[in-house]
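# Architecture and fold: a report
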Amino acid sequence: MPEVTCYAPLRNAISLESAILARNAIVQGANINCQYPDDWNTPLQMAIAGGCQPIVELLISHNPDLGLVNGANLTAAEMAQEAGEVSWVRTMIEAEFKGCDPVDVLYELLKRRSLKVLELAIEMLNLSKNNLARSLAKAWNKVEVMNVKVESELELFVHLTLLRIDYEEFGGAKISVKKMTDEEVEQRMQLVLREINQLETEQFYTMQLEMDTWKCSGFWLNSTISIRMFAIFKETLSFMLRYRMIV
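Everything quoted here is computed from the prediction, not taken from an experiment. (Residues numbered from 1 in each chain as written. Predicted model: local features only at pLDDT ≥ 70, side-chain atom pairs only at ≥ 80, totals over all residues. Heavy atoms only, no water.)

## Focus: the overall build of the protein
On a plain count of helices and strands, the protein comes out with 12 helices and four strands. The buried share of the protein, reckoned over its 247 residues, is 44%. Sequence separation of at least 24 residues holds for 65% of the intrachain contacts in the protein that already meet a minimum separation of 6. Carbon together with sulfur atoms contributes 49% to the accessible area of the protein, which is approximately 13,400 Å² in total. (Helix = DSSP H or I, 4+ residues; strand = E, 2+ residues; numbered from the N terminus. Buried < 20%, exposed > 50% of the residue type's maximum accessible area, 1.4 Å probe, protein only. Contact = heavy atoms within 4.5 Å. Areas by Shrake-Rupley, 256 points an atom, 1.4 Å probe, with all protein chains shown as cover.)

Next comes the structure, spelled out in structure tokens:
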């Protein structure tokens, strides 16, 4: 259950956008991880919603629980991402996952709902392609073992990212490496198309783009997906075409 024992002066300080009053409230014992019962926002989430940078930075510096979600099932980082405050998101990712194993970072973010936060974390991890593929695959395996429900957009992102890295690495490999057969290529593409069809069936997206008909190794794709997923899908296809995996 959320902690609802909240110190009124801290909430008042955030409402007044006064970092001085907020600092005093914290010194006097305000619980920075409490969640207000009207929207289940924490003080940090309330400050993010109000766009008050000094208080946001103050609260982050006091090591709040950044995994808490509000009534909309959003963490503080996800709220900041939606507000376009990428610098706050970076600061929170650094604070929450400092010194953590990349697999644990990816697993935790896969359990949440923001693709953009996950992508930013991947950028900040700065892993080689091979290490990213291994870490992402291990994190996904943990998701499946723990039977965690993952947002469809994140699931598709994982599949396409691993597929893209696979083809990138294949393209740079020695000629002696055996190419995938047409049947293997078709099986991989079926996986991608099945995920896209699942997204369309679930009507997950609000922003959609009509796609032209694509011919993918004998499979025709005529679907409607988000602009972001369409971009990832095109990128994946470009690597497959570049390395002659689709003819």
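## As for the side chain of Ser 135
Looking at where Ser 135 falls in the secondary structure, it is placed in helix H9 (residues 129–145). Judged by its relative accessible area of 10%, Ser 135 is buried.

## Overview of the packing of aromatic side chains
For the structure shown, the criterion picks out zero aromatic pairs. A cation over a ring is seen here: Arg 11 above Tyr 36, with NZ or CZ 4.3 Å from the ring centre. Sitting over the ring of Tyr 107, Lys 142 keeps its end group 4.4 Å from the ring centre. (Phe/Tyr/Trp six-rings, centres within 6.5 Å; stacked < 30°, edge-to-face > 60°. Lys NZ or Arg CZ within 6 Å of the ring centre and 35° of its normal.)

## Some remarks on the UniProt feature "repeat: ANK" (unreviewed entry) in the protein
Within the UniProt annotation, "repeat: ANK" (unreviewed entry) is assigned to residues 39–71. Helix makes up 52% of residues 39–71 and strand makes up 0%, while its end C-alpha atoms are separated by 5 Å. (UniProt positions renumbered as here; feature names shortened; annotations may be inferred.)

## Focus on the pattern of salt bridges
Inspection of the entire model under this criterion finds six salt bridges. Measuring nitrogen to oxygen at the nearest pair gives 2.7 Å for the salt bridge that ties Asp 38 to Arg 11. One end of the pair, Asp 38, is in the loop between helix H2 (19–27) and helix H3 (43–50); the other, Arg 11, is in helix H1 (residues 8–15), and 27 residues separate them in sequence. Given a relative accessible area of 54%, Asp 38 falls into the exposed group. Put simply, Glu 96, Glu 108, Lys 111 and Arg 112 are held in one network by salt bridges that share partners. (Salt bridge = Lys/Arg side-chain N within 4 Å of Asp/Glu carboxyl O.)

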